[in-house]
Amino acid sequence: MPRPPDQAKRRDLIDRVRAYMVRHGLADLSLRPLARALGTSDRMLLYYFGSKERMVAEALALDERRPLLRARSLLGPAGSVQDPAGLRRFMEETWEQFSAPGLRAALPLYLEIMTVGLRHPDRYGPVMRDVLSEWTGLLTSAFRDLGMTEDRARTEATVLVDATFGLLVASLAVDDRGRADAAFHALLDRLEPGWHVS
């Protein structure tokens with residue numbers, strides 16, 4: 001009977017795979033050079049992850065989990081989001097998390113994954129789709145808790161998530177984080193009045 005994978009080693013590998021991808025991108029990612037850089041073999045990477053696509057998805061999910069886990073704790077039943085002002089504060093805190101150096105450095109990789117996912121949906125399409133879907137679902141629940149109908153809550157969440165991700169991506173293209181910050185706060189100024197349910 002084969003020995004089960006060492007979970008501590010697997011976690012260490014996925015951390016190092018993510019760091020490698022942030023530095024080198026996805027376009028030329030090949031298992032052999034990656035394995036050499038990590039001091040292991042391509043067979044060992046396949047043993048731990050099954051496929052290159054799964055390894056990439058897990059490396060990205062590892063990064064995404066940090067802000068998502070914090071978001072769940074803030075938006076949960078005992079969370080601090082109980083009114084539109086609280087939801088705005090939550091979004092401002094989340095925006096700041098995505099501005100942290102570690103996550104900001106990974107944003108070009110997310111943009112690359114989005115593009116590759118559109119060209120090759122069978123390989124990487126689910127990665128960004130899942131990220132957007134989780135954030136949209138989380139915010140839909142928060143808007144529902146404010147008293148909105150399911151349809152309205154999903155629409156508000158979609159606008160907020162898609163616009164926020166768009167601003168994050170655009171800030172890379174123009175290399176002007178200050179402009180993106182101003183646009184994000186202007187977005188909240190326009191949206192927040194509509195979050196009040198009478």
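Rules used throughout
- Residues numbered from 1 in each chain as written.
- Predicted model: local features only at pLDDT ≥ 70, side-chain atom pairs only at ≥ 80, totals over all residues.
- Heavy atoms only, no water.
- Salt bridge = Lys/Arg side-chain N within 4 Å of Asp/Glu carboxyl O.
- Helix = DSSP H or I, 4+ residues; strand = E, 2+ residues; numbered from the N terminus.
- Buried < 20%, exposed > 50% of the residue type's maximum accessible area, 1.4 Å probe, protein only.
- Expected span 1.5 Å × (residues − 1).
- Phe/Tyr/Trp six-rings, centres within 6.5 Å; stacked < 30°, edge-to-face > 60°.
- Contact = heavy atoms within 4.5 Å.
- Axes fitted to C-alpha atoms, helices over the stretch in contact; angles between N-to-C directions.
- Parallel < 35°, antiparallel > 145°, perpendicular 65-115°, else oblique.
- Left-handed = near helix turned anticlockwise from the far one by under 90°.
- Nonpolar A, V, L, I, M, F, W, Y, C, P; charged D, E, K, R; others polar.

Participant: Which parts of the structure should I look at to understand the pattern of salt bridges?
Facilitator: Side-chain pairs of opposite charge can arise where the charged atoms are in close proximity. Throughout the structure, instances matching the rule amount to 10 salt bridges. Put simply, Asp 12 and Arg 16 hold a salt bridge, and the shortest N to O gap is 3.1 Å. Pair noted here: Asp 12 and Arg 16 are both in helix 1 (residues 7–24), with a separation of four residues, about one helical turn. The exposure class assigned to Asp 12 is partly exposed, which follows from its relative accessible area of 37%. The class of Arg 16 is partly exposed, set by a relative accessible area of 32%. Two residues, Arg 88 and Glu 92, come together in a salt bridge whose shortest N-O distance is 3.0 Å.

Participant: Please explain helix 5 (residues 84–99) as it appears in this structure.
Facilitator: An α-helical turn contains 3.6 residues, so any two residues separated by three or four positions project in the same direction. Here helix 5 spans 23 Å end to end across 16 residues, near enough to the 22 Å set by a 1.5 Å rise per residue. When we look at burial in helix 5, the residues that qualify are Pro 84, Gly 86, Leu 87, Arg 88, Phe 90, Met 91, Thr 94, Trp 95, Gln 97 and Phe 98.

Participant: Looking at this structure, I do not really get the packing of aromatic side chains. What am I missing?
Facilitator: Applying the stated criterion across every chain, the model contains four aromatic pairs. Between Tyr 48 and Phe 49, the aromatic rings sit 6.4 Å apart at their centres with planes inclined by 50 degrees, giving tilted as the arrangement. The residues Tyr 48 and Phe 49 share a single accessibility class, namely buried. Each ring, one from Phe 143 and one from Trp 195, has its centre 5.3 Å from the other, and the planes form 65 degrees; the classification is edge-to-face. Linking Phe 143 in helix 7 (residues 125–145) with Trp 195 in the segment after helix 9 (177–191), this pair joins segments that are 52 residues apart in sequence. The same class applies to Phe 143 as to Trp 195, namely buried. An aromatic cluster of at least three residues, connected via ring pairs, comprises Tyr 47, Tyr 48 and Phe 49.

Participant: When you look at helix 7 in this model, what are you seeing that I'm missing?
Facilitator: For helix 7, spanning 21 residues, the distance from its first C-alpha to its last is 31 Å, which sits close to the expected 30 Å at 1.5 Å a residue. Those residues of helix 7 that fall on the buried side of the exposure criterion are Gly 125, Val 127, Met 128, Val 131, Trp 135, Thr 136, Leu 138, Leu 139, Thr 140, Ala 142 and Phe 143. Within two residues after helix 7, Gly 147 carries a phi angle of roughly 105 degrees, on the positive side.

Participant: I would appreciate a short explanation of the environment of Ala 19 in the present structure.
Facilitator: Assignment of secondary structure puts Ala 19 in helix 1. Expressed as a C-alpha distance, the spacing of Ala 19 and Ala 59, which sit 40 residues apart in the sequence, is 8.7 Å.

Participant: Just to check I follow, could you spell out the environment of Val 56 for this structure?
Facilitator: Note on placement: Val 56 falls in helix 4 (residues 52–75). Val 56 gets classed as buried once you look at its relative accessible area, which sits at 0%. Between the alpha carbons of Val 56 and Leu 26 there is a distance of 8.6 Å; along the sequence they are 30 residues apart. With near-sequence residues (within four places) excluded, Val 56 lies in contact with Met 21, Leu 26, Leu 29, Ile 113 and Tyr 124.

Participant: Which parts of the structure should I look at to understand the packing of helix 8 (residues 150–174) against helix 9?
Facilitator: Two packed helices can be described by the angle between their axes and the distance between those axes. Between helix 8 and helix 9, whose axes approach to 9 Å, the crossing angle comes to 165 degrees. In terms of orientation, helix 8 lies roughly antiparallel with respect to helix 9. The element helix 8 and its partner helix 9 pack so that their crossing is right-handed. Of helix 9, the residues touching helix 8 (which contributes Val 159, Leu 160, Ala 163, Thr 164, Leu 167, Leu 168, Ser 171 and Val 174) are Arg 177, Arg 179, Ala 180, Ala 183, Phe 184, Leu 187, Leu 188 and Leu 191. Of the residues in the contact of helix 8 with helix 9, the class split is 12 nonpolar, two polar and two charged.

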